[in-house]
Amino acid sequence: MKLLIPFFSILLTVNAYTQIQFSEVYFEYDDDEIEFVNEIHAADFNGDGIPDFVYSWHIGETVQVGLFDGDNKPTFNEISGGIQLIDLHVLDWDDDGDEDIVAAAPFENKTILFTNDGSGSFTESDLLDFDFEAIEIADLDGDGIMDLIVAADEVINVYELIDNVPQNPQGLIVLDFSGSLNEIEIADENNDGNMDIIISSTFDGFFIMHQDDNGNFDLTDLGLDVWNIDNFIYSDADKDGLPDLISYSFFQGETTVTTNNGDGTYTPSVIDSPN
């Protein structure tokens with residue numbers, strides 16, 4: 001028996017009045033169930049209120065979903081094999097209330113969709129005829145139609161999702177980063193009523209594309225000393241009502257909580273985490 005996914009426990013003081021508490025949880029698995037993990041994401045895939053997870057092993061060409069029943073030992077089901085999938089994203093693709101999975105297949109030059117039936121069983125299908133660096137779903141332009149936002153080859157394309165089919169792409173050119181653009185999040189960062197695009201780049205840190213009332217975007221470099229970003233989430237870590245940047249660097253073996261100061265600036269704080 002082995003242990004997987006050490007969610008670390010640490011008390012991070014953000015300022016004199018705010019502290020962030022992380023809890024440590026270990027999950028069990030048998031020796032023959034997991035050989036290596038490149039990516040892992042948590043979500044409730046079967047609707048039982050207990051977090052499950054999906055992981056990928058790139059070289060092993062496998063993606064498996066681990067479903068929990070509350071005993072800290074998941075039941076593994078392979079949802080893909082024989083193809084190398086990277087950049088797993090968990091999102092409700094078809095807006096049916098359960099979490100689906102999207103992944104890039106770089107060697108096949110396409111994007112794969114795994115549609116969840118609500119029980120944690122998935123149906124695989126081809127979604128796009130190219131792979132991606134980052135992907136999200138949101139109503140970016142506020143027209144009531146969900147959009148698919150895809151970043152690939154230094155261009156962010158926005159598609160309207162009509163009957164769950166990406167249509168009418170519009171290109172948004174971004175900076176020529178020295179490293180790859182590897183993650184995006186959609187949120188109203190400056191609280192002006194328009195959705196913005198938060199971007200992480202491997203070697204260039206964090207950027208925000210602020211959207212104005214006319215649908216135009218202006219790219220801002222946050223100028224943070226946060227590098228080698230593998231992935232991040234935009235969430236309120238310190239419960240002050242302002243979303244923060246929580247990022248992880250596999251190369252550096254550390255997690256950074258970059259707190260939102262509420263005035264357009266952010267303050268990074270590095271915390272130790274298992275590598």
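Scope of this entry: the structure provided in the associated data block. (Residues numbered from 1 in each chain as written. Predicted model: local features only at pLDDT ≥ 70, side-chain atom pairs only at ≥ 80, totals over all residues. Heavy atoms only, no water.)

1. Remarks on the layout of surface pockets
The space that makes up the second largest pocket amounts to roughly 190 Å³. Taken together, 13 residues form the lining of the second largest pocket, with Leu-140, Asp-141, Val-158, Gln-170 and Phe-217 sitting closest to its centre. Going through the elements one at a time, strand 15 (155-162) and strand 16 (165-173) are the ones with two or more residues in the lining of the second largest pocket. Each residue belonging to the lining of the second largest pocket can be placed in one class, and the counts come to five nonpolar, five polar and three charged. (1 Å grid on protein atoms, 1.4 Å probe; cavity = no way out; pocket = protein on both sides within 12 Å on 5 of 7 lines; lining within 4 Å. Points joined across faces, edges and corners; volume = space filled by probe spheres on them. Helix = DSSP H or I, 4+ residues; strand = E, 2+ residues; numbered from the N terminus. Nonpolar A, V, L, I, M, F, W, Y, C, P; charged D, E, K, R; others polar.)

2. Digging into the pattern of salt bridges
Evaluated as defined, the whole model comprises one salt bridge. In this structure, the salt-bridge partner of Asp-126 is Lys-110, at a minimum N-O distance of 3.4 Å. A residue pair is termed long-range when its members are at least 10 positions apart, and Asp-126 in strand 12 (residues 122-128) and Lys-110 in strand 11 (residues 110-116) qualify at 16 residues. (Salt bridge = Lys/Arg side-chain N within 4 Å of Asp/Glu carboxyl O.)

3. Quick word on a negative patch on the surface
Residues Glu-28, Asp-48, Asp-69 and Asp-71 make up a contiguous surface patch of negative charge. Relative to the helices and strands, Asp-48 is located in the loop between strand 5 (39-43) and strand 6 (52-57). (Patch = residues over 30% accessible without salt bridge, like charges linked within 9 Å, V, L, I, M, F, W, Y side chains within 5 Å. Areas by Shrake-Rupley, 256 points an atom, 1.4 Å probe, with all protein chains shown as cover. Lys, Arg positive; Asp, Glu negative; His and termini not counted. Charge placed at Lys NZ, Arg CZ, Asp CG, Glu CD.)

4. Here we look at the sheet that holds strand 9 (residues 86-91)
Spatially, 9-10-11-12 is the arrangement adopted by the four strands of the open sheet, whose pairing is antiparallel. Two strands bound the open sheet, and with one partner strand each, they are strand 9 and strand 12. Taken over all neighbouring pairs, the strand axes of this sheet differ in orientation by 25° on average, direction set aside. Where strand 10 (residues 100-105) and strand 11 come together, five bridges link them in antiparallel fashion. Counted as the bridge partner of Ala-103 is Ile-112 from strand 11. (Pairing = 2+ DSSP bridges. Axes fitted to C-alpha atoms, helices over the stretch in contact; angles between N-to-C directions.)

5. Some details on the sheet that holds strand 18 (residues 196-201)
Spatially, the four strands line up as an open sheet ordered 17-18-19-20, and their pairing is antiparallel. If you trace the sheet from one side to the other, it starts and ends with strand 17 (181-187) and strand 20 (217-221), each paired once. Pairs of neighbouring strands in the sheet enclose a mean axial angle of 20°, with direction left out of account. Summarising the sheet, strand 17 and strand 18 pair through six bridges and their orientation is antiparallel. When the sheet's bridge partners are listed, Ile-184 is paired in strand 18 with Ile-199.

6. Topic: the environment of Asp-48
Residue Asp-48 is classed as partly exposed on the basis of its relative accessible area of 37%. In this structure the side chain of Asp-48 is engaged in a polar contact, spanning 2.9 Å, whose partner is the backbone nitrogen of Ile-50. (Buried < 20%, exposed > 50% of the residue type's maximum accessible area, 1.4 Å probe, protein only. Polar contact = N/O pair within 3.5 Å; in protein donor to acceptor, adjacent residues only side chain to side chain.)

7. Points about the pairing of strand 7 (residues 62-67)
With respect to burial, strand 7 is a largely interior element, six of its six residues being buried. Neither face of strand 7 is exposed, since Thr-62, Gln-64 and Gly-66 on one face and Val-63, Val-65 and Leu-67 on the opposite face are all buried. Inspection of the sheet shows strand 6 paired to strand 7 by five bridges, in the antiparallel sense. The residue of strand 7 that forms the bridge with Trp-57 is Thr-62. Between strand 6 and the antiparallel strand that follows it, strand 7, lie four residues; Glu-61 among them carries a positive phi value of about 50°. Looking at chain direction, strand 7 and strand 8 (residues 75-81) are connected through six bridges and run antiparallel. Among the inter-strand pairings, Gln-64 is bridged to a residue of strand 8, identified as Glu-78.

8. Considering the side chain of Thr-258
With respect to the secondary-structure elements, Thr-258 resides in strand 23 (residues 254-260). A relative accessible area of 0% places Thr-258 in the buried class. When sequence neighbours within four positions are dropped, the list of residues in contact with Thr-258 reads Leu-224, Val-226, Asp-244, Leu-245, Tyr-266, Thr-267 and Pro-268. (Contact = heavy atoms within 4.5 Å.)

Function-wise, these values are silent; they only describe arrangement.
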